[in-house]
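Listed below are the residues making up each chain.
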Amino acid sequence: MDKLTQSEIIEKAKTLTGWEVWEDTLRSERKFKDFVEAIAFVNRLVEPAEAADHHPDLAISYNRVTISLTTHDAGGLTEKDFALAQAISQIA
Ligand SMILES: C[C@H](O)[C@H](O)[C@H]1CNC2=NC(N)=NC(=O)C2=N1
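None of these values were measured; they are calculated from a predicted model. Here the residue index of a chain counts from 1 through its sequence in written order. Side-chain atom pairs in this predicted model are given and counted only at pLDDT of 80 or more, local residue features only at pLDDT of at least 70, and totals for whole chains, interfaces and linings cover all residues. Water and hydrogen atoms play no part in the side-chain values, which are based on all heavy atoms of the structure.

Chemist: Looking at this structure, how should I read the sheet that holds strand S2 (residues 25-31)?
Modeler: Neighbouring strands of a sheet are bound in pairs by backbone hydrogen bonds; such pairs are parallel or else antiparallel. Pairing between strands is defined by DSSP: at least two bridges between the two strands are required. Put simply, DSSP marks the helices as runs of H or I at least four residues long and the strands as runs of E at least two long, and each gets a number from the N terminus on. The strand order across the open sheet built from 4 strands is S1-S2-S4-S3, with neighbouring strands paired in antiparallel fashion. Of all the strands in the sheet, the pair left with one neighbour each is strand S1 (20-22) and strand S3 (57-61). Taking each pair of neighbouring strands and ignoring which way they run, the sheet shows an average axis angle of 25 degrees. In the packing of helix H2 (residues 35-52) onto the sheet, contacts are made with S2, S3 and strand S4 (64-69), and the angle to S3 comes to roughly 170 degrees. Residues are treated as being in contact if the distance between any of their heavy atoms lies within 4.5 Å. Comment: axis = line fitted to C-alpha atoms, over the contacting stretch for helices; angle = value between 0 and 180 degrees taken between N-to-C directions. Sheet contacts for helix H3 (residues 79-91): S2 and S4; angle to S4, the most-contacted strand, approximately 155 degrees.

Chemist: Can you walk me through the side chain of Arg30 in this structure?
Modeler: Its place among the elements puts Arg30 in strand S2. We note that Arg30 is buried and unpaired, the nearest opposite charge coming from Glu29 at a distance of 9.1 Å. Within polar-contact distance, the side chain of Arg30 engages the side chain of Ser28 at 2.8 Å. Not counting residues up to four positions away in its chain, the partners in contact with Arg30 are Thr17, Gly18, Trp19, Phe41, Asn63, Arg64, Val65, Ile67, Ser89 and Ala92. When a residue's accessible area, from a 1.4 Å probe over protein chains only, is under 20% of the maximum for its type it is buried; when over 50% it is exposed; and in between it is partly exposed. Counted charges follow a simple rule, with Lys and Arg positive, Asp and Glu negative, and His plus the chain ends left uncounted. For this document, the term salt bridge refers to a Lys or Arg side-chain nitrogen within 4 Å of an Asp or Glu carboxyl oxygen. The definition of a polar contact used here is a pair of N or O atoms within 3.5 Å, where within protein one atom must be able to donate a hydrogen and the other to accept one, and adjacent residues in sequence count solely through side-chain atom pairs.

Chemist: Just to check I follow, could you spell out the side chain of Asp81 for this structure?
Modeler: Structurally, the position occupied by Asp81 is in helix H3. With no salt bridge to any partner, buried Asp81 finds its closest opposite charge in Lys80, at an N-O distance of 8.5 Å. There is a polar contact of 2.6 Å between the side chain of Asp81 and the side chain of Thr71. Filtering out sequence-adjacent residues up to four positions away, Asp81 remains in contact with Leu26, His54, Leu69, Thr70, Thr71 and Gly76.

Chemist: Even after reading the chapter, I still don't get unusual backbone geometry, so can you show me in this structure?
Modeler: Most of the time, phi is negative for any residue but glycine, and the peptide bond is trans. Unlike most non-glycine residues, Glu23 shows phi in positive territory, near 50 degrees. Tracing the sequence through the fold places Glu23 in the loop between S1 and S2. Using a relative accessible area of 64% as the deciding quantity, one classes Glu23 as exposed. Of note in this structure, Asp53 is not a glycine but carries a positive phi near 50 degrees.

Chemist: What is the right way to read a nonpolar patch on the surface from this model?
Modeler: Among the surface-exposed residues, Phe35, Leu58, Ile60 and Tyr62 lie close enough to one another that they form a single nonpolar patch of about 400 Å² accessible area. One can find Ile60 in strand S3. Grouping into patches uses exposed residues only, defined as over 30% relative accessible area, and leaves out salt-bridged ones; the cut-off is 9 Å for like charges and 5 Å for nonpolar side chains (Val, Leu, Ile, Met, Phe, Trp, Tyr). Here the open area of atoms and residues is found with the Shrake-Rupley method and a 1.4 Å probe, where only the protein chains shown may cover a residue.

Chemist: Is there a simple way to think about the site of the ligand in this case?
Modeler: The environment of the ligand is formed by Asp53, His54, His55, Thr70, Thr71, His72 and Asp73. One of the backbone nitrogen or oxygen atoms of Thr70 is found 2.9 Å away from a nitrogen atom of the ligand. Within the complex, the protein chains bury 65% of what would otherwise be the 390 Å² of accessible surface of the ligand. As a working rule, the residues Ala, Val, Leu, Ile, Met, Phe, Trp, Tyr, Cys and Pro are called nonpolar, Asp, Glu, Lys and Arg charged, and the rest polar, with Gly in that last group. Per-class residue counts for the shell around the ligand are no nonpolar, 5 polar and 2 charged. One heavy atom suffices: a residue is near a molecule or strand as soon as one of its heavy atoms comes within 4 Å of it.

Right, here's the structure in full:
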């Protein structure tokens, strides 16, 4: 899949809430009640990630989960990252 251009990234980023473009990634930090809730969220990510064959980088710190999306194969952001970001927003 082709890497998006900078102007495509800017346009697509407007359709997402709670995500920022940072370097070649889409990033979102979600805060939960506690560690158990944070891990439950991470578990809910498994199905959409596997379905898309696209996997977020995750950093967990107690009740916070930072999600980073990028397409390694393309060396930057692609449609896949935006599609998965939308899917994640629906389950957060
Ligand atoms: C073979 C397999 O389809 C690829 O390795 C997939 C798996 N998951 C992936 N996830 C992400 N985030 N980027 C990729 O380029 C990627 N590639």
